[in-house]
Amino acid sequence: MTAVTPPASGPVPTGERRSAAGPVSTPGRHSTTVLAQLLALVAVLALSACAPVASGPGAGASEGETRTVIDVEGTEVRAPIHPERVVTLSEPTLDGVLALGLKPIGTVSGRGQQTVPNYLVDLAQDLPILGGVAQPNFEAIGAARPDLILVDGTSVNNNPPVIEALRRIAPVVYTGYAGGDWRDNFRLVAEALNLVAEGERVIAQYDAKAAEYAESLSGYRDQTFSVVRWQGSSASLILKELLPGRALTDLGLRRPPSQDRVGRGHSEPLSLENLRDADADYMFFGTLGGSSLANPQAGGSADVSGAARALAEAIAVPGFTELAAYKDGHIILVDGSAWTSTGGPLLMNRILDDVKRTLTI
């Protein structure tokens, strides 16, 4: 993560234009057509046609011992007592499984990326990719023969045809909603894996670290902090209900008035006319590269180098260099896969560490 000081003079490269990234929200509603869902369901049924298939939330469970898990919507799911072949279909569920010291047998690519989320590459780079975060590959998931599938509202959402197709493969636990408390989502991941005590230890460790860091950052209590995702020529705001916003709250750091609120569970697009709403004493600035939900093959990077390229694009937009955070050299480049997307306890710890490392008094 790098703090950026404005250049003294000279032209600023605009960089390569990128398409806007999709919001952290309910991509299943707008990126999967009814026809695609039906075709996917047909593919799943064809894949399982050689063997009898049970119906209901516990369909696909192994013949070993099972237990009942109640998901976030109150659905009773018959899941293995000790799942051994877990598939995660969202960033928060992948993050949660890894945080518990386990590794799924497959997952989906991160939002706006073609691999696992960049911030999880060290832990999960060798995992098979079973489709995109909004468009899982049902055939690949079925071929992986999972005994448990974890999904939430940040990926396929509660889309009945999609959930039904997944339940024809294995038990599905729906762990949380977009914009919901990451702790609740993570607790359901731990419950589904029969690792409740371990999950509570992870949360307690995070809370202790946040309290410790908040004390050390008390000198910044009078400052404001913005979180911005930049794509192409436009910005989106990360508000207080999203994970970076929750982390800043846990650290006792204030948001500017335009961002001191909760949103609808996803990043909020900002028009260029309202660009000043992105301003603050400090700005955490990231990107998800050139890819988007509509164009996942566009390429680009979500890491700090990608943020640097996105900043070059932002500087070329009228009004950006007039922002106080820019003029004061207080733009902090961050990994967008952690700061402008979604995840679980590993992401939250990453943000705490980034803030502590950057804001040195």
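Residues numbered from 1 in each chain as written. Predicted model: local features only at pLDDT ≥ 70, side-chain atom pairs only at ≥ 80, totals over all residues. Heavy atoms only, no water.

Comments concerning the overall build of the protein
No. 1: The number of helices and strands found in the protein is 13 helices and eleven strands.
No. 2: Looking at the protein residue by residue over its 361 residues, the buried ones come to 54%.
No. 3: Counting only contacts in the protein whose residues sit at least 6 apart along the sequence, the fraction spanning at least 24 positions is 71%.
No. 4: Counting every atom, the protein has about 14,800 Å² of accessible surface; 51% of that belongs to carbon and sulfur. (Helix = DSSP H or I, 4+ residues; strand = E, 2+ residues; numbered from the N terminus. Buried < 20%, exposed > 50% of the residue type's maximum accessible area, 1.4 Å probe, protein only. Contact = heavy atoms within 4.5 Å. Areas by Shrake-Rupley, 256 points an atom, 1.4 Å probe, with all protein chains shown as cover.)

Focus on the pairing of strand β5 (residues 148-151)
No. 1: Neither face of β5 is exposed, since L148 and L150 on one face and I149 and V151 on the opposite face are all buried.
No. 2: Taken together, the three bridges between β5 and strand β6 (residues 172-174) define a ladder with parallel strand orientation. In the sheet register, L150 faces β6, and the bridge partner there is V173. (Pairing = 2+ DSSP bridges.)

Description of the environment of Q205
No. 1: Mapped onto the secondary structure, Q205 falls in helix α8 (residues 196-216).
No. 2: For Q205, a relative accessible area of 54% corresponds to the exposed category.
No. 3: With 144 residues separating them along the chain, Q205 and N349 place their C-alpha atoms 9.5 Å apart.

Here we look at the pairing of strand β8 (residues 234-237)
No. 1: Pairing geometry for strand β7 (residues 225-231) and β8, over four bridges, is antiparallel. The residue bridging V228 from the neighbouring strand is L237, located in β8.
No. 2: Taking the residues that link successive antiparallel strands as the turn, the β7-β8 hairpin has two residues, and the phi of G232 there is positive, at about 65 degrees.
No. 3: As paired elements, β8 and strand β9 (residues 268-270) share three bridges and run antiparallel to each other.

Some points on the confidence of the model for the protein
No. 1: Averaged over all residues, the pLDDT of the protein is 84; the fraction at 70 or higher stands at 79%.
No. 2: In the predicted structure, residues 292-296 sits below a pLDDT of 50 and forms 14 contacts with residues beyond four places in sequence or in another chain. (pLDDT = per-residue confidence, 0-100.)

Here we look at helix α10 (residues 304-315)
Owing to its 3.6 residues per turn, the α-helix brings residues three or four apart onto one side.
No. 1: The end-to-end C-alpha separation of α10 is 16 Å, in line with the 16 Å expected for twelve residues at 1.5 Å each.
No. 2: Taken together, the buried positions of α10 are G306, A307, A310, L311, A312, E313, A314 and I315. (Expected span 1.5 Å × (residues − 1).)

Re the packing of helix α9 (residues 243-250) against helix α13 (residues 345-358)
No. 1: Interhelical geometry of α9 versus α13 gives an angle of 55 degrees and a closest axis separation of 10 Å. Relative to α13, the element α9 lies oblique. Classified by chirality, the crossing of α13 by α9 is right-handed. Counting all contacts with α9, which are made through L243, P244, R246, A247, L248 and D250, the residues of α13 involved are L347, M348, I351, L352 and V355.
No. 2: Grouping the amino acids of the contact of α9 with α13 by side-chain chemistry returns nine nonpolar, no polar and two charged. (Axes fitted to C-alpha atoms, helices over the stretch in contact; angles between N-to-C directions. Parallel < 35°, antiparallel > 145°, perpendicular 65-115°, else oblique. Left-handed = near helix turned anticlockwise from the far one by under 90°. Nonpolar A, V, L, I, M, F, W, Y, C, P; charged D, E, K, R; others polar.)

A few points about α9
No. 1: The complete set of buried residues in α9 reads L243, P244, G245, A247 and L248.
No. 2: Buried residues in α9 make contact with α7 (182-192), α8, β7, β10 (282-286), α12 (336-339) and α13.
No. 3: Downstream of α9 by a residue or two, G252 has a phi angle that is positive, lying close to 75 degrees.

Brief notes about unusual backbone geometry
No. 1: At R145, a residue that is not glycine, the phi angle is positive and equals roughly 55 degrees.
No. 2: R145 gets classed as exposed once you look at its relative accessible area, which sits at 65%.
No. 3: With a phi angle near 60 degrees, N194 is a residue other than glycine that sits in the positive phi range.
No. 4: The residue N194 is located in the loop between α7 and α8 in this model.

What about the sheet that holds strand β4 (residues 86-88)?
No. 1: On the basis of which strands lie adjacent, the open sheet formed by three strands has the order β4-β5-β6 and parallel pairing. In the strand order of this sheet, the two ends are held by β4 and β6, each with one partner. Averaged over all pairs of adjacent strands, the angle between their axes in this sheet comes to 20 degrees, without regard to strand direction.

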